[in-house]
Amino acid sequence: MPEFLPYLLIALAISGLLAVIFEEVIHINKAQSVLFFGAFSWILLFMFSPDTAIHEQVRAGLEHNISEIASLWLFLVAAMTFVAYLNKKGLIENIIYRLLPAQISERKLLFLTGIFSFVFSSLADNITATLVSVALILSLRLPAAKTLRFATVVVFAVNSGGVAMITGDVTTLMIFLAGKVSITNLLLLSLPALLAVLLLAFMLARPLRETAIIEHKHNDLQRVDVMIACVFMTTILATMAGNVLFDIPPVLTFLSGLSVMFLLARAYGEDTEHDPIMDYIRQIEFDTLMFFLGILLIVGAMKEIHALDGFLDLYAVVPVWVANFLMGLLSAIIDNVPLTAALLKADVQMNTAEWMGLTYAVGVGGSLLIIGSAAGIVAMSKINELTFGSYLRYLLALLLAYLVGYAGVLGMAKILLETAA
C-alpha cells in the first residue's frame, strides 16, 4: 500500500468530520458530505491495493463493513416506520394529552416532560422523541427563559432514555450488535439514567412557580391504529425475549413485526391506493440513515489502515472508567456515532461493566452541548430561543447530572458483576 494513502484517507476522514461540525456554515447536508468521503475512501483503498492478497483483504473488509451497516439500517427502517405511522395517526399525541391534566404546576410539568421524553425515546428514535416533546413545549407558550429550561431537560432526557434500549439510540444498538452487552445489561442502565434526568429536572425546576394551562387535543383513531400500536409494543418485547432466550437477531424480529403491521393494514382496509401502507417507509428520516451509512464507511476505511489504534493508547494510559468518561465528554463535540464506531473497530478490551459505562457515556455525553446530539440539533431548529450560548448556561447542571448518572451506572454494573461471580 502506498505510503501516502493512509495520510490521504485520514485527511478525508477529518474533512468529513469538519463537514459535520460546520454543516450550518457550508450549507451542505452532513449526510451528503460523509457519504462522499466514506465511499471515496473505499474506492481509493481498492485502487491502490498493491497485490492480490491485500486487494482481497480490502474486499473482505468492505463486505464486513456493509454487512454491519445493513443490519443497522434494516433495524432502524423497521422501527422508524412503526413510529412514523403512529405519529401521523395521532396516537402518540392522544396518549400525551390523556395523561396530562388541563392545569398543572410548571414544576410538576417539567418532571413529567422529562419522564415522558425519557420513556418515549427508549421506544422511538431520538429525532422523533425530540420532535414530539418539543411540540408539547411550544404548545404551552411559556416565556423564553422557561422554554429553555424545558428544552434542556428534554434534550438530556431523550438522550438518557435511549441508552437502555436498542430501539432508542443508535450507539446502544451498535454496542449491542457488536456483542459487548446483552439486553438485560442494557435494561439495568435505565434506573441510573432516569435518576440523572430527575436530578436535572430538580435543579432546573426551582424558579418555576406558576401554573401551566394545557390545551387538550384529540385525534380520532381507528381500531387498526390501536392494533398496530400493540404490534409495535409486542415486537419490542419479543425482540428482547427472543434475543435473551434464543439469540434471535433483533433485526429479524423487527422485520417480522413490520410485516405483521403491513398485513394488518391490508386486512383492515388501511392499505389503499390513495394511502398505501408502504408509503410510511418514505416518511422516515432518510437523512439520518444516509449519515450513518457515510460515517460507518469512513470508520471502516480507517480500520483498514489501522488509524484507530490511537484509541487503544488512551485506554492504556488512564483507567478504563476514566477513558470512558472522557469519551462521553468528547461525544459533545464529535458525533457519538463515529466515536462509538471507532472504539468498536479499534477493539478496545473491556469487561461488561465497562462497556455498560461507555454505552451511557457516549449516549448521554452529547447532551452537554446543544450541538452534541441529534436531539439537541433538532430542538435548536424548532425553538428560536435555544442557541449554543443560551444552552451553555446550564452546562454545570448538565455536567453534574451526567456525572451522577455515569457513577450510578458504574456502581450498578459493579454490583452486577459481583453478583454474577
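Everything here concerns the structure above.
Residues numbered from 1 in each chain as written. Predicted model: local features only at pLDDT ≥ 70, side-chain atom pairs only at ≥ 80, totals over all residues. Heavy atoms only, no water.

## Side note on the overall build of the protein chain
A tally of regular secondary structure across the protein chain gives 21 helices and two strands. The C-alpha atoms of the protein chain give 22 Å as radius of gyration, which agrees with the globular expectation for 421 residues (22 Å, within 12%). The principal-axis extents of the C-alpha atoms in the protein chain amount to approximately 70 × 55 × 55 Å. Of the contacts made within the protein chain by residues no fewer than 6 positions apart, 81% connect residues no fewer than 24 positions apart. Surface summary for the protein chain: the accessible area is close to 18,800 Å², and the carbon and sulfur share equals 65%. Averaging the coordinates of the 22 positive side-chain charges in the protein chain and doing the same for the 31 negative ones gives two points 12 Å apart. (Helix = DSSP H or I, 4+ residues; strand = E, 2+ residues; numbered from the N terminus. Rg over C-alpha atoms; globule rule 2.2 N^0.38 Å. Contact = heavy atoms within 4.5 Å. Areas by Shrake-Rupley, 256 points an atom, 1.4 Å probe, with all protein chains shown as cover. Lys, Arg positive; Asp, Glu negative; His and termini not counted. Charge placed at Lys NZ, Arg CZ, Asp CG, Glu CD.)

## Here we look at a nonpolar patch on the surface
A cluster of nonpolar side chains, Ile10, Ile14, Leu18, Ile21, Phe22, Val25, Ile26 and Ile28, forms an exposed patch at the surface whose accessible area comes to about 670 Å². Secondary structure elements with two or more residues in the nonpolar patch: helix 1 (4-21) and helix 2 (23-26). Broken down by element, the nonpolar patch gets its largest block of residues, four residues, from helix 1. One can find Phe22 in the loop between helix 1 and helix 2. According to the relative accessible area criterion, Phe22 is partly exposed, its value standing at 41%. (Patch = residues over 30% accessible without salt bridge, like charges linked within 9 Å, V, L, I, M, F, W, Y side chains within 5 Å. Salt bridge = Lys/Arg side-chain N within 4 Å of Asp/Glu carboxyl O. Buried < 20%, exposed > 50% of the residue type's maximum accessible area, 1.4 Å probe, protein only.)

## Side note on helix 1
Given 3.6 residues per turn, any residue in an α-helix points the same way as the ones three and four places further on. The end-to-end C-alpha distance of helix 1 is 26 Å, a good match for the 26 Å that 18 residues give at a rise of 1.5 Å each. If you follow the buried residues of helix 1, they end up packed against helix 2, helix 3 (30-47) and helix 14 (286-304). (Expected span 1.5 Å × (residues − 1).)

## Comments concerning the environment of Phe202
As for its placement among the helices and strands, Phe202 is situated in helix 11 (residues 190-205). In sequence terms Phe202 and Phe111 are 91 residues apart; their C-alpha atoms lie 7.7 Å from each other.

## Looking at the nonpolar core
Ranked by internal contacts, the top residues of the largest apolar core, which has 144 residues, are Leu76, Phe156, Tyr315 and Tyr360. Ranked by the residues each element gives to this core, the list is headed by helix 4 (residues 52-89), at 13 residues. Look past the residues within four positions of Phe156 in its chain and what remains in contact with it is Ala196, Val197, Leu200, Tyr360, Val364, Ser367, Leu398, Ala401 and Tyr402. (Core = buried A, V, L, I, M, F, W, Y, C linked by side-chain atoms within 4.5 Å.)

## Here we look at the packing of aromatic side chains
Enumeration according to the criterion identifies twelve aromatic pairs in this entry. Among the aromatic side chains, those forming a connected cluster through ring pairs are Phe325, Tyr360, Tyr402 and Tyr406. Lying over the aromatic face of Phe291, Lys30 brings its terminal NZ or CZ to 4.5 Å of the ring centre. (Phe/Tyr/Trp six-rings, centres within 6.5 Å; stacked < 30°, edge-to-face > 60°. Lys NZ or Arg CZ within 6 Å of the ring centre and 35° of its normal.)

## Remarks on the environment of Thr352
Tracing the sequence through the fold places Thr352 in helix 18 (residues 352-364). Residue class for Thr352 comes out partly exposed when judged on its relative accessible area of 27%. Between the alpha carbons of Thr352 and Leu221 there is a distance of 44 Å; along the sequence they are 131 residues apart. Setting aside its immediate chain neighbours within four residues, Thr352 contacts Lys180, Val181 and Asn185.

## Focus: the packing of helix 8 (residues 144-162) against helix 11
Orientation of helix 8 relative to helix 11, taken along the N-to-C sense of each, is 175 degrees, at an axis distance of 9 Å. With respect to each other, helix 8 and helix 11 are oriented roughly antiparallel. Within the contact between the two elements, helix 8 uses Arg149, Thr152, Val153, Phe156, Ala157 and Ser160 and helix 11 uses Ala193, Ala196, Val197, Leu200, Ala201, Met203 and Leu204. (Axes fitted to C-alpha atoms, helices over the stretch in contact; angles between N-to-C directions. Parallel < 35°, antiparallel > 145°, perpendicular 65-115°, else oblique.)

## As for unusual backbone geometry
Look at Arg141: it is not a glycine, yet its phi comes out positive at around 55 degrees. The exposure class of Arg141 is exposed, given its relative accessible area of 63%. Its identity is not glycine, yet Asp247 carries a phi of approximately 60 degrees, on the positive side. Following the sequence through the fold, Asp247 ends up in the loop between helix 12 (223-246) and helix 13 (250-267). Residue Asp247 is classed as exposed on the basis of its relative accessible area, which comes to 59%.

## Focus on helix 7 (residues 126-139)
Its 14 residues give helix 7 an end-to-end C-alpha distance of 20 Å, which sits within 8% of 20 Å, the value for a rise of 1.5 Å per residue. Counting buried residues along helix 7, ten of its 14 residues qualify, which places the element largely inside the surrounding structure. Along helix 7, the residues classified as buried are Asn126, Ile127, Thr128, Ala129, Thr130, Val132, Ser133, Val134, Leu136 and Ile137. Residue Arg141 follows helix 7 closely and has a positive phi angle near 55 degrees.

## Concerning the side chain of Ser33
Tracing the chain through its elements places Ser33 in helix 3. Residue class for Ser33 comes out buried when judged on its relative accessible area of 8%. Contacts of Ser33, omitting those with residues within four sequence positions, involve Ala19 and Ile28.

## Some words on the environment of Leu12
When you line up the elements, Leu12 lands in helix 1. Judged by relative accessible area, Leu12 falls into the buried class, the value being 11%. Taking the C-alpha atoms as reference, Leu12 lies 38 Å from Gly408; in sequence the two are 396 residues apart. Those residues in contact with Leu12, other than ones at most four positions away along the chain, are Phe37, Phe40, Ser41 and Leu44.

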